[in-house]
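# Summary of structural features
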Amino acid sequence: MRPTGAFPSTRMRRMRRDEFSRRLMRENVLTSNDLIYPVFVLDGSARTEGVPSMPGVERVSIDNLLRVADQALALGVPALALFPVIDAAGKTDGAEEAWNPEGLVPRTVQALKARFPELGVITDVALDPYTSHGQDGLIDPADPRGYVMNDETLEALAKQALCHAQAGADVVAPSDMMDGRIGRIRAELDAGGHIHTRILAYSAKYASSFYGPFRDAVGSAGNLGKGNKHTYQMDPANSDEAIREVALDIAEGADMFMVKPGMPYLDIVRRVKRELEVPTYVYQVSGEYAMLKAAAANGWLDERACAMEALLSFKRAGADGILTYYALDAARWLKDGD
């Protein structure tokens, strides 16, 4: 640390005394450009369903999602991240619906890009919304352990990513944590002529307990049951392993790199940005959002102040972009001069 002056000639509070001087020395600034809005899409029309464990978050049909997208653009939010809610009839052991060109995600992408070509559209690449067992990959039905098969899953993920790119997705975001999936997807996209489709790799995705409300929202919680994802998502105790994971995804051709969850893993965000100097993203996950909502509902926290402080903490740690269910609210607050 550089040496500094001593009190009383140096008074750190001088620059904090007035709003103008606090602004002049502010090191990090949050803007709507930093926000990505995760949305849950349903089949059908004129459908809206609340998510009880995520107050303020709704599952919506494509027609209603177009209204949400219009709001996002008006508020300066640059991109939506799509998560499908698949009916039980569409879930199978082999997750075949994941690469159906007439499926929910391709139709949603096409509708969004037709109406809002300037809006960034990010699609989730993982099999858990489509599998009858709720895991992110394929399982050998003869395996009593239910171990997710890596290399067989890669082929399914490659087909899914290509399907999304063909529909017009700007960014595909593999969140499955299979080994080698970035390289396999990049090869599939390039072979199909989609050299400009970006890959947002969920490189450091931890086997976290903060995902529960999300699984309620997409309807995979019941399928997963008492199962877990510890054999492919990262151990929350590990930090160096995250750097290795990101480095591998850099080598395999990813363009953007995700740390998930957010606030409990600010140290990982910091390390990825500082040590690897790549476009770094963070997901303020459903459990983080639900905790803020619950505390605010009980009058224990000022929701707006705490939500904005949490989002700013991601920027301070080094994140270039933040996936957050607060994206639209935060953009409104920023417009109001927060």
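Below you will find a few notes about this structure.

By the secondary structure assignment, His-194 is in the loop between α5 (181-191) and β9 (198-205). Residue His-194 is classed as buried on the basis of its relative accessible area of 18%.

Here the focus is the pairing of strand β4 (residues 79-84). With six of its six residues buried, β4 lies for the most part within the structure. Where burial is concerned, the two faces of β4 agree: the one with Ala-79, Ala-81 and Phe-83 and the one with Leu-80, Leu-82 and Pro-84 are both buried. As judged from the six bridges shared by strand β1 (residues 35-42) and β4, these two strands associate in the parallel manner. Bridge pairing links Val-39 to Leu-82 in β4. Where β4 meets strand β5 (residues 120-125), four bridges bridge the pair, whose relative direction is parallel. Residue pairing across strands places Leu-80 opposite Val-121, the latter belonging to β5.

Where burial is concerned, most of strand β10 (residues 256-260) is hidden: five out of the five residues are buried. The alternating pattern of β10 places Met-256, Met-258 and Lys-260 and Phe-257 and Val-259 on opposite faces, both of which are buried. Pairing between β9 and β10: four bridges, direction parallel. Along β10, the bridge assignment pairs Ala-204 with Val-259. One ladder, built from three bridges, connects β10 with strand β11 (residues 280-284); its direction is parallel. Its bridge partner being in β11, Met-258 is matched across the sheet by Tyr-281. For the handedness criterion, the β-α-β arrangement of β10, helix α9 (residues 266-276) and β11 is classed as right-handed.

Now for the packing of aromatic side chains. In this structure the tally under the stated criterion is ten aromatic pairs. Look at Phe-83 and Tyr-283: their rings are 6.3 Å apart centre to centre, the planes differ by 45°, and that puts the pair in the tilted class. With a gap of 200 residues between them, Phe-83 in strand β4 and Tyr-283 in strand β11 connect regions that are remote in the sequence. Owing to a relative accessible area of 3%, Phe-83 belongs among the buried residues under this scheme. Exposure remark for Tyr-283: the relative accessible area of 1% places this residue in the buried category. Three or more aromatic residues joined by ring pairs form one cluster here, namely Phe-40, Phe-83, Phe-214, Tyr-283, Tyr-289, Tyr-325, Tyr-326 and Trp-333. In this structure, Lys-260 is placed above the aromatic ring of Phe-214, and the distance from its NZ or CZ to the ring centre is 5.3 Å.

About the cut-offs
Residues numbered from 1 in each chain as written. Predicted model: local features only at pLDDT ≥ 70, side-chain atom pairs only at ≥ 80, totals over all residues. Heavy atoms only, no water. Helix = DSSP H or I, 4+ residues; strand = E, 2+ residues; numbered from the N terminus. Buried < 20%, exposed > 50% of the residue type's maximum accessible area, 1.4 Å probe, protein only. Pairing = 2+ DSSP bridges. Right-handed = clockwise from strand over helix to strand, strands pointing away. Phe/Tyr/Trp six-rings, centres within 6.5 Å; stacked < 30°, edge-to-face > 60°. Lys NZ or Arg CZ within 6 Å of the ring centre and 35° of its normal.

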